[in-house]
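An overview of the molecular structure
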Amino acid sequence: MKKVIVFLSLIVTTVAFAQNKNAKVSMEVDGVCGMCKERIEKAAIRTKGVKSAVWNVDTHELKLIIDERKTDVKTIAKNVAAVGHDTKEIKATDEQYNTVHPCCRYRDETVLKDHEPKEDAKHKSKEN
Ligand SMILES: [Cu+2]
């Protein structure tokens, strides 16, 4: 019985630590528009081991397919922050943040308001 347990736990650890060539992972990245999307995806895809990178402007989710033998989420987050975009784990420095286009300043309240869906604005004017 003891041997069986040892054998089973060996299988479990092997599976848990097996490195996936096409691992699907995602992370949260701050941004406001299509220009941000391009910048974020470019930074992610330039990272060695990243096969696919798609950022959603509404959900702020960056969906990735990565080779776990070559990269990890932290490395990608660092590269995304380096082009000026905050991730949940790693924040861009002020210097990095200042390199983004003025209309992409996602930390700025007025910029965020400018990027709110236009339909909302329509509803508001009808109500008034
Ligand atoms: Cu932008």
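Here's a quick rundown of the structure. (Residues numbered from 1 in each chain as written. Predicted model: local features only at pLDDT ≥ 70, side-chain atom pairs only at ≥ 80, totals over all residues.)

1. Re the nonpolar core
Note the cut-off: Connectivity within a nonpolar core runs through C-beta atoms within 7 Å, and the core itself is a set of buried Ala, Val, Leu, Ile, Met, Phe, Trp, Tyr and Cys residues. Exposure criterion: with C-beta atoms placed from backbone coordinates, a residue whose C-beta has 20 or more other C-beta atoms within 10 Å is buried, one with 12 or fewer is exposed, and one in between is partly exposed. Each helix corresponds to a stretch of at least 4 residues labelled H or I by DSSP, and each strand to a stretch of at least 2 residues labelled E; elements are numbered beginning at the N terminus. The contact criterion used is a C-beta to C-beta distance within 7 Å, with each C-beta placed from the backbone.
Core analysis: the largest hydrophobic core is formed by 21 residues, its most contacted members being Ile40, Ala44, Leu62, Leu64 and Val80. Going through the elements one at a time, α2 (34-45), β2 (50-55), β3 (61-66) and α3 (73-82) are the ones with two or more residues in this core. Those residues within four positions of leucine 62 in sequence are excluded, and the remaining contacts are Ser26, Met27, Val29, Ile40, Ala44, Ala53 and Trp55.

2. A word on the sheet that holds β2
The criterion, for reference: For two strands to be treated as a pair, DSSP must find no fewer than two bridges joining them. Fitted lines through C-alpha atoms serve as axes, helices being fitted only where they are in contact, and the angles separating the N-to-C directions of these axes extend from 0 to 180 degrees.
What the 3 strands build is an open sheet, ordered β1-β3-β2; its pairing is antiparallel. On the outer flanks of this sheet lie β1 (23-28) and β2, each paired with one strand and no other. Going from strand to strand, the sheet's axes swing by 20° on average, the running direction of each strand aside. One ladder, built from 6 bridges, connects β1 with β3; its direction is antiparallel.

3. Section: α3
Residues of α3 that are buried: Ile76, Ala77, Asn79, Val80 and Ala81. At its buried positions, α3 is contacted by β1, α2, β2, β3 and α4 (94-97).

4. A closer look at the environment of glycine 34
Note on placement: glycine 34 falls in helix α2. Classification of glycine 34 as exposed rests on a count of 10 C-beta atoms within 10 Å. Once the C-alpha coordinates of glycine 34 and asparagine 56 are considered, the two residues, 22 residues apart in sequence, prove to be 9.4 Å apart.

5. Re the pairing of β3
Because side chains alternate across β3, one face comprises the buried residues Leu62, Leu64 and Ile66, and the other comprises Glu61, Lys63 and Ile65, none of which is buried. Pairing analysis gives 5 bridges linking β2 to β3, with the strands arranged antiparallel. Its bridge partner lying in β3, valine 50 is registered against isoleucine 66. The turn joining β2 and β3, which pair antiparallel and follow one another in sequence, is formed by 5 residues; a positive phi near 65° is taken by histidine 60.

6. Let's talk about the packing of α2 against α3
Cut-off, in case you're wondering: Here the angle decides the label: under 35 degrees means roughly parallel, over 145 means roughly antiparallel, 65 to 115 means roughly perpendicular, and every other value means oblique. A clockwise turn of the near helix away from the far one marks a right-handed crossing, whereas an anticlockwise turn of less than a right angle marks a left-handed crossing.
Contact geometry for α2 and α3: axes closest at 8 Å, N-to-C directions at 135°. Taken together, α2 and α3 sit at an angle that is classed as oblique. The element α2 and its partner α3 pack so that their crossing is right-handed. Counted together, Ile40, Ala43 and Ala44 of α2 and Ile76, Asn79, Val80 and Ala82 of α3 form the full contact between these two elements.

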